[in-house]
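Each chain is listed here by its residues.
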Amino acid sequence: MYYTNGNYAAFAKPLKPAGIENKHAYLIGGGLAALSAAAFLIRDGQMSGKNICILEEAALPGGGCDGIKDPNRGYVIRGGREMEDHFECLWDLYRSIPSLEIENASVLDEFYWLNQADPSSSPVRVTENQGKDAHTLHKFALSDTAAMEISTLIMTPEKYLDDKRITDVFGKDFFESNFWLFWRSMFAFEEWHSAIEMRRYLTRFIHLTHTLPDLSGLKFTKFNQYESLILPLVKFLESHGVNFRYETTVTNVIFDIQHDKKVAKQIDCISQDSCDSIKLTENDFVFITLGSNTDQSGFGDDNHPVVVPEGLGSSWSLWKNIAAQDEAFGHPGKFCGDVSGSNWESATITFADDKIPAYIEKLTGRDPYNGKIVTGGPITAKDSSWLMSWTVSRQPHFKVQKSNEIVAWVYGLFSNKPGDFIKKPMQACTGLEIVEEWLYHIGVPVNEIPDLAKNHAHCIPCMMPYVTSYFMVRKAGDRPNIVPDHALNFAFIGEHVETPEDTVFTTEYAVRTGMEAVYTLLNIGRGVPEVFASAYDIRILLKAAASMLDGKKLTDLHLPLEKKLELKKITKQVRGTMLEELLKEHGLV
């Protein structure tokens with residue numbers, strides 16, 4: 001497997017791997033990583049879909065990319081996915097998946113046309129004082145010290161950040177900046193999370209820095225991610241004869257481990273109360289999804305707080321059983337061992353009339369019923385004790401949604417702190433109480449809140465114990481390589497495996513791991529698109545620097561005398577060169 005860029009390899013069809021007709025593949029987990037791997041097996045590996053089997057614990061595919069109308073609960077979305085231009089592997093996949101909405105078009109075509117016609121932007125990024133103060137906050141408000149800390153982190157090799165927290169690399173100024181507020185509410189970072197992941201996000205998305213205040217760099221699907229991304233992919237796989245085995249829990253994969261080769265020999269699983277073992281040969285490929293950030297999700301309703309299932313969760317138990325067999329298979333305890341640091345709560349709120357949507361329109365200046373972008377990403381209540389953020393996507397958000405219905409999504413990063421209107425932790429609140437707290441922060445008069453929450457909204461809260469398990473503090477080796485050394489017939493996929501430069505908790509990372517796994521095991525003669533090299537493009541770096549400095553010149557920075565003299569010398573050296581032109585273009589000199 002090798003990386004490439006440009007359109008030379010992007011438009012090429014790889015040769016058919018020798019002997020592929022005699023190969024079979026088992027994929028453990030039915031999330032985006034496994035579904036993508038199956039699609040790459042068919043498209044690029046030219047494997048028959050009839051030789052592919054997907055083993056999924058749930059009754060539906062998609063993993064964390066969900067969105068359903070539950071017959072008992074109503075509309076439920078545990079989370080949302082934000083996408084951008086440079087999800088290279090994601091778009092490489094979906095250019096080949098037929099749209100379910102537009103005849104003779106791909107999912108990529110559908111997505112591209114939609115976001116051209118209705119580009120995303122956020123009219124309001126932050127609210128305070130019960131919604132009375134609504135800001136876009138174009139300024140990052142980074143002190144010179146905080147800006148230098150960002151620069152230093154970006155320049156620091158990962159090997160020096162093993163087991164370091166974000167608080168180990170940033171000081172008080174940074175955490176008081178608008179930059180951190182934008183960052184954490186968009187990506188769900190906490191102060192105690194991994195400095196390695198923070199650095200990767202900074203370098204990976206540095207080209208979007210100038211869009212953080214209005215989120216204009218983001219792109220969204222027409223409907224929820226299950227109907228817009230997962231369902232077309234599943235239909236594609238089913239059309240090729242892929243076998244889906246739902247309600248099948250894999251408990252272990254048994255390996256034959258020798259000094260010069262490692263072979264997956266058996267898959268142990270439970271299906272409909274019966275135990276089963278699938279014997280494997282070296283002609284059987286196994287793609288194993290490690291961990292799940294939605295495992296053990298607990299739900300509540302209008303009148304009951306969430307109840308989280310007891311136990312570790314099957315995905316984590318599986319990884320622990322696998323990891324016990326070889327040190328190279330990673331350390332799951334680093335990611336699932338501290339629920340207090342990896343959990344937060346979300347809520348899906350449905351409105352059946354325009355009483356509450358009228359307040360959304362008043363705050364955003366956008367009509368939620370017009371079918372276009374509404375919030376364009378999260379709006380964060382800066383002074384919320386829960387650090388509550390909320391979004392209203394294009395409506396309808398579900399295909400079966402009625403014309404009078406609006407669906408909103410709310411989440412709180414601090415689920416263990418008492419609220420401001422409801423004096424209880426979010427995790428102890430009923431759906432009705434969460435709606436009341438949210439209404440309080442979007443500017444609804446206090447005397448109207450109880451009636452609106454009780455009679456004009458329906459809320460399903462969801463607690464996810466491992467939702468930011470990806471960001472937990474780690475070191476090199478805690479996440480296994482996609483294809484470990486000497487592995488002959490198996491690969492690890494998903495968000496808890498290691499691929500360089502890219503960022504977890506994204507649709508891109510899931511698809512990339514599936515693609516790299518297939519290309520490596522099948523020795524596909526086509527390059528995997530490299531991660532967008534934004535951090536190596538001087539134009540992007542200068543644009544990001546200008547944004548972070550809020551329009552200040554380099555000469556305005558409060559630097560030690562030694563650094564000032566060094567900067568003066570550099571400025572003199574680039575005079576009359578293209579570098580000077582670039583610095584002037586971006587307002588830095």
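Remember, predicted model here, so these are calculated numbers, not experimental data.

Next up on the list: the nonpolar core. Phe179, Trp183, Met198, Leu237, Phe287 and Ile288 are the most contacted members of the largest nonpolar core, which totals 136 residues. For this core, the element with the highest residue contribution is helix H2 (residues 32–43), accounting for ten residues. Each residue touching tryptophan 183, except ones within four places of it in the same chain, is listed here: Ala188, Phe189, Met198, Tyr201, Leu202 and Leu212.

Before going further, it helps to spend a moment on the sheet that holds strand S2 (residues 24–28). Ordered in space as S8-S3-S2-S12-S20, the five strands form an open sheet in which the pairing is parallel. Of all strands in the sheet, those with a lone pairing partner are strand S8 (243–245) and strand S20 (490–493), marking the two edges. Across this sheet, the average inter-strand angle for adjacent strands is 15 degrees, counted without regard to direction. By the bridge criterion, four bridges tie strand S12 (residues 284–289) to S20 in an arrangement that is parallel. Each residue of the ladder has a partner; that of phenylalanine 287, found in S20, is alanine 491.

Attention now moves to the UniProt feature "transmembrane region" (unreviewed entry) in the chain. Under the UniProt annotation, "transmembrane region" (unreviewed entry) lies at residues 24–42. Taken end to end, residues 24–42 has its terminal C-alpha atoms 11 Å apart, with 58% of it in helix and 26% in strand.

Mapped onto the secondary structure, glycine 337 falls in the loop between helix H11 (333–336) and helix H12 (339–342). Sequence separation of glycine 337 and glutamate 361 is 24 residues, and the distance between their C-alpha atoms is 42 Å.

If you walk through the whole model with that rule in mind, you get 34 salt bridges. The partner of arginine 245 in a salt bridge is aspartate 276, with the nearest N and O atoms 3.5 Å apart. In this pair, arginine 245 sits in strand S8 while aspartate 276 sits in strand S11 (residues 274–279), placing the two residues 31 residues apart along the sequence. Given a relative accessible area of 23%, arginine 245 falls into the partly exposed group. Put simply, Glu84, Arg204, Asp502, Glu508, Arg512 and Glu516 are held in one network by salt bridges that share partners.

Cut-off values and rules
- Residues numbered from 1 in each chain as written.
- Predicted model: local features only at pLDDT ≥ 70, side-chain atom pairs only at ≥ 80, totals over all residues.
- Heavy atoms only, no water.
- Core = buried A, V, L, I, M, F, W, Y, C linked by side-chain atoms within 4.5 Å.
- Buried < 20%, exposed > 50% of the residue type's maximum accessible area, 1.4 Å probe, protein only.
- Helix = DSSP H or I, 4+ residues; strand = E, 2+ residues; numbered from the N terminus.
- Contact = heavy atoms within 4.5 Å.
- Pairing = 2+ DSSP bridges.
- Axes fitted to C-alpha atoms, helices over the stretch in contact; angles between N-to-C directions.
- UniProt positions renumbered as here; feature names shortened; annotations may be inferred.
- Salt bridge = Lys/Arg side-chain N within 4 Å of Asp/Glu carboxyl O.

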